[in-house]
Amino acid sequence: MEIKDPTTYTDLTQGKIKRIDFHISVDFSRHTLDIEARYQLQEPVRGSLYLDSFKIDLKEAHTDGHKLEWDFDVEDDVLGERLHLQGLEGESSFTLIFRTSPEARALQWLNASQTAGGNYPFLYSQCQATHARSIFPCQDAPSVRFTYSAEVQVPQELVAVMAAEQLEVQEGKHTTFLFKMPQPIPSYLFALGVGNLAFRELGPRTGIYAEPEIIEAAAWEFAENEIKMMEAEKLLGPYLWERYDLLVLPPSFPFGGMENPRLTFLTPTAILGTRGQTSLITHELAHAWTGNLVTNATWQDFWLNEGWTTYAETRITEVLEGKDSEDLHAAYNEKGLIASMERVGMDSPYTCLKLPAEKDADSPAPTVPYYKGCFFLRECEYAVGRERFDDFIQKYMASFQFQSLTTEAFLDFLKAELPQVFEKVNVQQWIYEPGLPDANTWHRPTSRLYDEVQEVLNAYQQGIRPTKEQVQDWHRYQILSFLQGLPKQIPVEDCQYFDDILELEKRNDVAFFSHFSVICVASGYEAILPRIEQYIGTIGRMLYILPIVRAMIETDWSRGYVRPLFERVRDRHHQITVNAIEGLLKKARL
Ligand code: BES
Ligand code: ZN
C-alpha cells in the first residue's frame, strides 16, 4: 500500500534504503561527526533519488564506478533540505561522505561541566521524530526500515555506545567501537552516545551504562529490569532484540526515556533512590514491541506507538505493583489527558487519535496519543474480555513484527480478529473524532487511592488544610494527584505549607516540582523563582519544564522573567528543548 507521509521529502514509491554501513568519527572540538556511509537500496533507482537532510555538509557522493552529482534543491525550516542525488539510474548502492552541522537537531554536545563527573565531554543523539536527517541523509520516515553497521571513532578516554550490538573495541590513538544492527529499524531509532561511561550488569540480558559517579545508584534503582522483561514477554511475546540495556544521560536529556532498541536512553531524574519511577522503564521496555517491532507507519498514527505502549505499561504495572497502584496511575492520567485536551480545545483535531497530516511531527497536545490511545484499547479489552484480548495482542505482535502499519491497517486487523469490538465500542469516534466520548459511555478509571486524595482536596476547598501525618505515607502518584488537583491559584502561605508537609525539597522529585512550580507561579509565590531557575537550568525533560514556562508566560508578574531566564540557560539544553521553548516564547511575542 502506498503511504503518504508529509514529514518526509522522499518518494516512498522509490527503492527504499535497506542497509547502511557507517564510519563515524566524533569530533568534540568542532561538535561535528565526520561520516562515510555506504547505502544499499532494496531495488535499483528509477530516475532521481531524493533524501531528507538537515544542515549536512556533503563532500562527496559516488557509486562503485563513478562520482555522483547532487543538489539541495528544496529547503524548509521544518523539513530541512531535500538532497537530490543524480546519476543513480539503475544503481542500488552508493556512498556519501559528509560532515554534520554543530547545529544538528539530533545531537547534543555537552561540555564537561554539564555531566555528573565534570571531567569529560558527552554527546548523545535523539532522532525521534524527524531528526535522524541531521545525522545522515536518509528516507527519514518510520515506514522505511534498514539494518546497519557502524565503526565509531572517539577520543581515547571515552566510550561509544549505540542502540545496536557491540562487536569489538580497537584501541589506538583513538578508540574505535564496532557495532552491528541486524534487526531492521526505522531511522528514528538510530542512536549514539559517547562519554565517560561505566557498565554494570543487572541480569543475563540486562545492564546499565552511566557515568561512574552515578552508576551504583543507577544500578540499584533499576535492579528489577530482568523481572520486568519476563513480565513484558508474558504479555507481548518473545523479546526479539536480544539485550535490554539502559544508558543514563545527563539531566538535559529532553525526555524521560527514549526507546532506542536494545538501549533505552534515560533521564537521570528517574533515579530517585526509591525505585519510585520505574514505570518509566516499563514504558520504554514495552516499546520494544509496540513501536520498535510494530511501528506507526506515519507520525499521524503515533497512537499506535504510544497508546499501545501506555496500555502495555499499565498491564505490566498492574502485575508488578498491584491493581490499586495501576488504578491510581490511570485516574491521574485521565485528569492529565483532559487538561491537555482543554488546553488545545476539546474540538481540536489534535485531540483525535488519527492526527492531522502535517509536515511537523510534533503535536501541540503530545499526551493525547498516549492516554486517549490507552483508554481506547482498554475499551477494546472490556468489549471482548481480557483473555481474548490477550490472545489478540500476541497475534498482533507476531503478525506485524518488523513492519510499520497505519491506523487503518490496524483497524482492518482488529475487525478481522475481534469483530465484537466494533459492536460495543464506537471505534470511529475514538479514532477520528476529537475529545473524549461521553463519560457514561466508557469505563472511566476509578481508584480508591485517588478518591482518598480527592477527599483531602474537597476538604481543602472548604478551608481545611491536610496535616503532615495525613500525607506522609502517600503513594507517589497520590502526591502527584494532589498537586494536579489543587486549585490553579492558592494563597502564598499555602504554597509554603505544602512545600513543607509534602517535603518537596527533600524528595527532589522533578514531577512534584513541576506541578508545584506551576501553582506557585500562578499564585504569585515569587520566592520560588531561584528554584525554578536552578531547575530549568539543569533539567531538560520537556514534560516537566514546558508547563512551568507556560505558566510563567501566562502570569503577569513572571512574564518579564521568562526570556532572560531562558537566554541564561539555553546553551545547556538540547536543540529540541530550545526549539520547544522558543516556540512558546515566540507565540507569546516574548
Ligand atoms: N518515544 C517517547 C519519547 C518521544 C516522543 C520522543 C515523541 C520524541 C518524540 C518515549 O517513549 C516517551 O514516551 N517518553 C515519555 C515517558 C513516558 C513514561 C510517558 C517522556 O519522555 O516523558
Ligand atoms: Zn513512549
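Our subject is the structure that appears above.
Every value quoted in this text rests on a predicted model; they were computed, and no experiment measured them.

Draft legend 1. The overall build of the protein, seen in detail. Of the regular secondary structure elements, the protein holds 20 helices and 21 strands. Sorting the 590 residues of the protein into buried and exposed places 58% on the buried side. Across the protein, contacts joining residues at least 24 apart in sequence account for 71% of those joining residues at least 6 apart. Summed over its atoms, the accessible surface of the protein is roughly 23,300 Å², and 48% of this surface lies on carbon and sulfur atoms. For the protein, the separation between the mean place of its 56 positive charges and that of its 85 negative charges on side chains is 1 Å.

Draft legend 2. Highlighting the packing of helix H2 (residues 225-236) against helix H4 (residues 302-321). Two numbers describe how H2 lies on H4: the axes approach to 10 Å, and their chain directions differ by 125°. As summarised for this structure, H2 and H4 are arranged oblique, according to the angle between their axes. Read as a crossing pair, H2 and H4 show a hand that is right-handed. Across the interface between the two elements, Ile 227, Lys 228, Glu 231, Ala 232, Leu 235 and Leu 236 from H2 touch Ala 312, Arg 315, Ile 316, Val 319 and Leu 320 from H4. In terms of residue class, the contact of H2 with H4 is made up of eight nonpolar, no polar and three charged.

Draft legend 3. Up close: the layout of surface pockets. Roughly 590 Å³ of internal volume is contained in the second largest pocket. For the lining of the second largest pocket, the secondary structure elements donating two or more residues are helix H15 (504-507), helix H16 (510-523) and helix H17 (529-538). Top element by residues in the lining of the second largest pocket is H17. It accounts for four residues.

Draft legend 4. Geometry of the coordination of the zinc ion (ligand 2). Donor atoms from the polypeptide that bind the zinc ion (ligand 2) are His 283 (NE2), His 287 (NE2), Glu 306 (OE) and Glu 306 (OE), placed at 1.9 to 2.7 Å. The coordination sphere of the zinc ion (ligand 2) comprises six donor atoms, whose angles at the metal cover 53 to 159°; the geometry is irregular. Here the donor residues of the zinc ion (ligand 2) are spaced in sequence according to H-x3-H-x18-E. With His 283 in helix H3 (residues 279-286) and Glu 306 in helix H4, this pair connects stretches of sequence that are 23 residues apart. Here the two residues His 283 and Glu 306 agree in accessibility, since each one is buried.

Draft legend 5. Representation of the side chain of Glu 326 in the model. Here Glu 326 lies in helix H5 (residues 323-344). Not counting residues within four places of it along the chain, the set of residues in contact with Glu 326 comprises Thr 314, Thr 317 and Glu 318.

Draft legend 6. Region of interest: the site of ligand 1. Neighbouring ligand 1 are 16 residues; Gln 128, Gly 256, Glu 259, Glu 284 and Tyr 370 lie closest to it. In this structure, Gly 257 approaches ligand 1 through a main-chain N or O atom, which is 3.3 Å from a nitrogen atom. Separating an oxygen atom of ligand 1 from a side-chain N or O atom of Glu 284 is a distance of 2.8 Å. Within the complex, 89% of the 520 Å² of free accessible area of ligand 1 lies under protein. Contributions of two or more residues to the shell around ligand 1 are made by strand E18 (257-258), H3 and H4. Looking at the shell around ligand 1, its residues break down into six nonpolar, six polar and four charged.

What counts, and at which threshold
Residues numbered from 1 in each chain as written. Chains lettered and ligands numbered in written order. Predicted model: local features only at pLDDT ≥ 70, side-chain atom pairs only at ≥ 80, totals over all residues. Heavy atoms only, no water. Helix = DSSP H or I, 4+ residues; strand = E, 2+ residues; numbered from the N terminus. Buried < 20%, exposed > 50% of the residue type's maximum accessible area, 1.4 Å probe, protein only. Contact = heavy atoms within 4.5 Å. Areas by Shrake-Rupley, 256 points an atom, 1.4 Å probe, with all protein chains shown as cover. Lys, Arg positive; Asp, Glu negative; His and termini not counted. Charge placed at Lys NZ, Arg CZ, Asp CG, Glu CD. Axes fitted to C-alpha atoms, helices over the stretch in contact; angles between N-to-C directions. Parallel < 35°, antiparallel > 145°, perpendicular 65-115°, else oblique. Left-handed = near helix turned anticlockwise from the far one by under 90°. Nonpolar A, V, L, I, M, F, W, Y, C, P; charged D, E, K, R; others polar. 1 Å grid on protein atoms, 1.4 Å probe; cavity = no way out; pocket = protein on both sides within 12 Å on 5 of 7 lines; lining within 4 Å. Points joined across faces, edges and corners; volume = space filled by probe spheres on them. Donors = N, O, S within 2.8 Å, 3.2 Å for Na, K, Ca; no water. Tetrahedral: all angles 85-135°; square planar, octahedral: opposite > 155°, others 65-115°. Near = heavy atom within 4 Å. Polar contact = N/O pair within 3.5 Å; in protein donor to acceptor, adjacent residues only side chain to side chain.

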